[in-house]
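Architecture and fold: a report
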Amino acid sequence: MLSSNFSRLASSRGSKEALRLLLSRRQISSTPAASNFDKLGVIGLGLMGHGIAQTAAAAAVKNDIHSSIIAYESESSFLNRGRDLINNSVDKLVSKEKISSADADALLNKITFTTDRDALNDTDLIVEAIIENLDLKKQLYSDLGKQCKPETIFASNTSSLSITQMALASGRPENFVGVHFFNPVQLMKLVEVIRTDHTDQAVFDKTMEWVEQIGKVGVKCRDTPGFIVNRLLVPSLVQAILLVERGDATIKDVDLSMKLGAGHPMGPLHLADYVGLDTCLFIMEGWVKDFPDERAFVVPDILREKVERNELGRKTGKGFYNWDGDKRGDPVE
């Protein structure tokens, strides 16, 4: 659209004046001047964060999109665990001949591991992937907003929390987006890119472009509870739980119905167990609290009871199914 407008203006009368006006408007935009995110920061190197850092480093080696990636954790033990996760993942790729040893070394050399938060001060983009606690995230962004250069863009990997509240806490809501990756980050192609009412359009577009540069497929969404995937997925899991709670259908038949009738790779109760019943409860309780008038948001009693008994699914060996590690057993009677 912009390039076609330039061509049309250049071939018309008064084009110089029109171009001057258009360029002057663009120059007063709040968009950071850099053409790409040369220096990337990743905060939190757990399940999601280590995958984001690794994926970005791999893209940097292949496409030369980042000169460096700063991987930050607040404590050395967390930092070392994140480093080990990345090293082990890269070693597996080498052993399976997915990448060469030289590329593996180059990937790892792109990442600087640190517990010094000041190392993030001059980054161009920071992706945050810490624990899902809104108060902690808001405090983090308040601090980052004061210490990072004004052009730095902040992006939260939250799966369900309010992007708007974090953006306002940062003091630079125009430079704030959500980037919701999916687990495992190295394999899952989708990234939900979230904008608020305050997000600068150019910042949003630039983030979408970055998502594509690291080999992912970005989808656009406004800041709404659960964004796209979880907004559709979690209420459907809850409805499956309610079917069982009311005695309308068995665990086995609910899951079999969605596999054979809807073509799902696994049933909703199997999936809830795999994700973690505590995670499902956390998301839905937060939505019920924040959006009490939304009829789709409800917490089944059986879900709360299972979490209270520490029957969380795969991670504890028992939920709606019995589990042996990652191997699902029979439904719980």
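The paragraphs below set out a description of the structure included in this document. This one's a predicted model, so the numbers in the text were calculated from it and none came from an experiment.

Looking now at the pattern of salt bridges. As enumerated under the stated definition, the model contains 14 salt bridges in all. One salt bridge connects lysine 149 with aspartate 124, and the closest N-O pair in it is separated by 2.7 Å. With lysine 149 in the loop between helix 6 (134-147) and strand 5 (153-156) and aspartate 124 in the loop between strand 3 (111-114) and strand 4 (125-128), this pair connects stretches of sequence that are 25 residues apart. You can call lysine 149 partly exposed: its relative accessible area is 26%. Since its relative accessible area comes to 11%, aspartate 124 is described here as buried. Close ionic contact of glutamate 128 with lysine 137 constitutes a salt bridge, the shortest N to O distance being 2.2 Å.

Turning to the packing of helix 3 (residues 49-63) against helix 4 (residues 76-95), a few remarks are in order. Running from N to C, helix 3 and helix 4 point in directions that differ by 50°, and their axes come no closer than 9 Å. Relative to helix 4, the element helix 3 is oriented oblique. When you trace helix 3 past helix 4, the crossing you get is right-handed. Within the contact between the two elements, helix 3 uses His50, Ala53 and Gln54 and helix 4 uses Gly82, Leu85, Ile86, Ser89, Val90 and Leu93. Across the contact of helix 3 with helix 4, the residue classes break down as 5 nonpolar, 4 polar and no charged.

Turning next to the layout of surface pockets. For the largest pocket, the calculated volume is near 1,700 Å³. For the largest pocket, the lining is made up of 46 residues, of which Leu47, Met48, Ser159, Asn183 and Thr279 are closest to its centre. Secondary structure elements with two or more residues in the lining of the largest pocket: helix 4, helix 6, strand 6 (176-181), helix 9 (229-245), helix 11 (268-275) and helix 12 (277-290). For the second largest pocket, the calculated volume is near 950 Å³. What lines the second largest pocket is a set of 29 residues, among which Gln54, Ser89, Leu93, Gln186 and Leu187 lie closest to the centre. If you list the elements that add at least two residues to the lining of the second largest pocket, you get helix 3, helix 4 and helix 5 (101-109).

Okay, the side chain of lysine 137 next. Take lysine 137: it is sitting in helix 6. Apart from the residues lying within four places of it in its own chain, the contact partners of lysine 137 are Glu128, Ile130, Ile131, Glu132, Ser156, Thr158, Leu161 and Met166.

Helix length check: helix 6 (14 residues) gives 20 Å between terminal C-alpha atoms against 20 Å at 1.5 Å per residue, within 8%. If you check which residues of helix 6 are buried, you get Leu134, Lys137, Leu140, Tyr141, Ser142, Leu144 and Gly145. In this fold, the buried residues of helix 6 make contact with strand 1 (39-43), strand 4, strand 5, helix 7 (163-170) and strand 6. Sitting at the amino-terminal end of helix 6 is asparagine 133, which places a side-chain oxygen 3.1 Å from the backbone nitrogen of aspartate 135.

Attention now moves to the pairing of strand 4. Across the two faces of strand 4 the burial is the same, with Leu125 and Val127 and Ile126 and Glu128 all buried. Across 4 bridges, the pairing between strand 1 and strand 4 is parallel. In the sheet register, leucine 40 faces strand 4, and the bridge partner there is leucine 125. Of the pairings in the sheet, the one linking strand 4 to strand 5 comprises 4 bridges and is parallel in character. Directly across from valine 127, in strand 5, lies its bridge partner alanine 155. A crossover links strand 4 with its parallel partner strand 5, the connecting element being helix 6, and its sense is right-handed.

All right, on to the packing of helix 9 against helix 12 then. Viewed as axis vectors pointing N to C, helix 9 and helix 12 meet at an angle of 105°, and their least axial separation amounts to 11 Å. Comparing the axis directions of helix 9 and helix 12 gives the class roughly perpendicular. Residues Asn230, Arg231, Val234, Pro235, Leu237 and Val238 of helix 9 lie in contact with helix 12, whose contacting residues are Cys280, Ile283, Met284 and Trp287. When its residues are assigned to classes, the contact of helix 9 with helix 12 shows 8 nonpolar, 1 polar and 1 charged.

With that out of the way, let us pick up the packing of aromatic side chains. Scanning all chains against the criterion turns up 7 aromatic pairs. Pairing phenylalanine 181 with tryptophan 210 gives two aromatic rings, centres 6.3 Å apart and planes at 75°, and the pair type is edge-to-face. Placement of the pair is phenylalanine 181 in strand 6 and tryptophan 210 in helix 8 (residues 201-213), with a sequence separation of 29 residues. Judged by centre distance (6.3 Å) and plane angle (70°), the rings of phenylalanine 291 and phenylalanine 297 are edge-to-face. Connected via pairs of aromatic rings, a cluster forms that spans Tyr141, Phe154 and Phe176. The lysine or arginine in question, arginine 83, covers the ring of phenylalanine 113, its NZ or CZ lying 4.8 Å from the ring centre. Sitting over the face of the ring of phenylalanine 204, arginine 195 holds its NZ or CZ atom 5.2 Å from the ring centroid.

Here we take up the environment of valine 307. Positionally, valine 307 belongs in helix 13 (residues 301-308). Residues valine 307 and glycine 276, 31 residues apart in the sequence, show an inter-C-alpha distance of 9.3 Å. Among residues more than four places away in sequence, those in contact with valine 307 are Leu277, Asp278, Leu281 and Leu312.

Reading the values: the criteria
- Each chain carries its own residue numbering, running from 1 in the written order of its sequence.
- In keeping with the predicted nature of the model, local features appear solely for residues at pLDDT of at least 70, side-chain atom pairs appear and are counted solely at 80 or more, and the whole-chain, interface and lining totals rest on all residues.
- To obtain the side-chain values, all non-hydrogen atoms of the structure were included, while hydrogens and water were left out.
- Salt-bridge detection follows one rule: a side-chain nitrogen of Lys or Arg within 4 Å of a carboxyl oxygen of Asp or Glu.
- Numbered from the N terminus, helices here are DSSP runs of H or I no shorter than four residues, and strands are runs of E no shorter than two.
- Exposure is judged per residue with a 1.4 Å probe applied to protein chains only, and the accessible area is read against the type maximum: over 50% gives exposed, under 20% gives buried, and values in between give partly exposed.
- Here the axes come from fitting lines to C-alpha atoms, over the contacting stretch only for helices, and the angles between their N-to-C directions go from 0 to 180 degrees.
- Roughly parallel means an angle under 35 degrees; roughly antiparallel means over 145; roughly perpendicular covers 65 to 115; every other angle is labelled oblique.
- Throughout, a crossing is termed right-handed when the near helix is turned clockwise from the far one, and left-handed when it is turned anticlockwise from it by less than a right angle.
- Residues are treated as being in contact if the distance between any of their heavy atoms lies within 4.5 Å.
- In the scheme used here, Gly and all other residues not listed as nonpolar or charged are polar, with Ala, Val, Leu, Ile, Met, Phe, Trp, Tyr, Cys and Pro taken as nonpolar and Asp, Glu, Lys and Arg as charged.
- Two kinds of site are reported from a 1 Å grid over the protein atoms alone, namely cavities, where a 1.4 Å probe fits but cannot get out, and pockets, open sets with protein on both sides within 12 Å along at least five of seven lines, and residues are called lining when an atom falls within 4 Å of a point.
- Grid points are joined across faces, edges and corners, and a volume is the space filled by probe spheres set on the points.
- Multiplying 1.5 Å by the helix residue count minus one yields the expected span of that helix.
- A 3.5 Å cut-off defines polar contacts: any pair of N or O atoms within that distance qualifies, except that in protein one atom must be a possible hydrogen donor and the other a possible acceptor, and neighbouring residues in sequence count only when both atoms are side-chain atoms.
- We call two strands paired when DSSP finds no fewer than two bridges between them.
- Think of it like this: strands point away, you trace from the first strand over the helix to the second, and a clockwise trace means the crossover is right-handed.
- Stacked, tilted and edge-to-face pairs are distinguished by plane angle, under 30 degrees for stacked and over 60 for edge-to-face with tilted covering the rest, among Phe, Tyr and Trp rings (Trp via its six-membered ring) whose centres lie within 6.5 Å.
- The rule is short: NZ of Lys or CZ of Arg within 6 Å of the ring centre and within 35 degrees of the ring normal puts a charge over the ring.

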